[in-house]
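Analysis of the macromolecular model
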Amino acid sequence: MEEGSSGLLDKASMVFKAISKLPEGYSEGTYRNRSYGITKEIFNGGKSFKVYGKELGGSDFISLNYYCTASGGLLKPCEMSKEKVVTFLRNVQLKID
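These remarks concern the structure in this document. (Residues numbered from 1 in each chain as written. Predicted model: local features only at pLDDT ≥ 70, side-chain atom pairs only at ≥ 80, totals over all residues. Heavy atoms only, no water.)

This paragraph deals with the pairing of strand β1 (residues 25–31). Pairing analysis gives 7 bridges linking β1 to strand β2 (residues 34–43), with the strands arranged antiparallel. Across the sheet, the residue bridging to Gly25 is Lys40, located in β2. Taken together, β1 and the strand that follows it, β2, pair antiparallel across an intervening segment of 2 residues, in which Arg32 is found at a positive phi of about 55 degrees. Bridge count between β1 and strand β6 (residues 93–94): 2 bridges; the pairing is antiparallel. Its bridge partner lying in β6, Thr30 is registered against Gln93. (Pairing = 2+ DSSP bridges. Helix = DSSP H or I, 4+ residues; strand = E, 2+ residues; numbered from the N terminus.)

Here it is in structure tokens:
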């Protein structure tokens, strides 16, 4: 396997792990010292996910769909870069009740 494709697999694995850590439904977290409301929906028996994060009291948001396919994970950000989505997923700190 080529080095580049291995890096893509690592990123897809990291994204899946980060999404898996988010609770289904609504939760809140902190990212870059700002509070976010985060909603995660699960579809197709756990093979696809929709995540939407909205800055509380602000205008920033994160929106993505993630699909588990036979060839690996497929990240589809909504109207933003993959880098923005991946950075958010890596760094958001969930609030624990």
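What follows covers the packing of aromatic side chains. A full pass over the atoms with the stated rule returns 6 aromatic pairs. Ring centres of Tyr36 and Phe88 lie 5.3 Å apart, and the angle between their planes is 65 degrees; this geometry places the pair in the edge-to-face category. One end of the pair, Tyr36, is in strand β2; the other, Phe88, is in helix α2 (residues 82–91), and 52 residues separate them in sequence. By relative accessible area, Tyr36 is classed as buried at 0%. Phe88 gets classed as buried once you look at its relative accessible area, which sits at 1%. Centre to centre, the rings of Tyr52 and Phe61 are 6.1 Å apart; their planes meet at 25 degrees, and the pair counts as stacked. Phe61 sits in the partly exposed class, given a relative accessible area of 28%. (Phe/Tyr/Trp six-rings, centres within 6.5 Å; stacked < 30°, edge-to-face > 60°. Buried < 20%, exposed > 50% of the residue type's maximum accessible area, 1.4 Å probe, protein only.)

A word on the pairing of strand β5 (residues 72–77). Inspection of the sheet shows strand β4 (residues 61–69) paired to β5 by 6 bridges, in the antiparallel sense. Bridge pairing in β5 links Asn65 to Lys76. Between the end of β4 and the start of β5, which pair antiparallel, lie 2 residues.

Here 6 strands make up an open sheet; going across it, the order is β5-β4-β3-β2-β1-β6 and the pairing antiparallel. The open sheet has two free edges, formed respectively by β5 and β6, since each of these has just one partner strand. Across the sheet, α2 touches β1, β2, β4, β5 and β6, and the angle it forms with β4 is around 90 degrees. (Contact = heavy atoms within 4.5 Å. Axes fitted to C-alpha atoms, helices over the stretch in contact; angles between N-to-C directions.)

Moving on: unusual backbone geometry. It is generally the case that most residues other than glycine have a negative phi and that most peptide bonds are trans. Positive phi values are uncommon outside glycine, yet Arg32 reaches one of about 55 degrees. Tracing the sequence through the fold places Arg32 in the loop between β1 and β2. Even without being glycine, Asn44 reaches a positive phi, approximately 55 degrees. Structurally, Asn44 is set in the loop between β2 and β3 (48–55).

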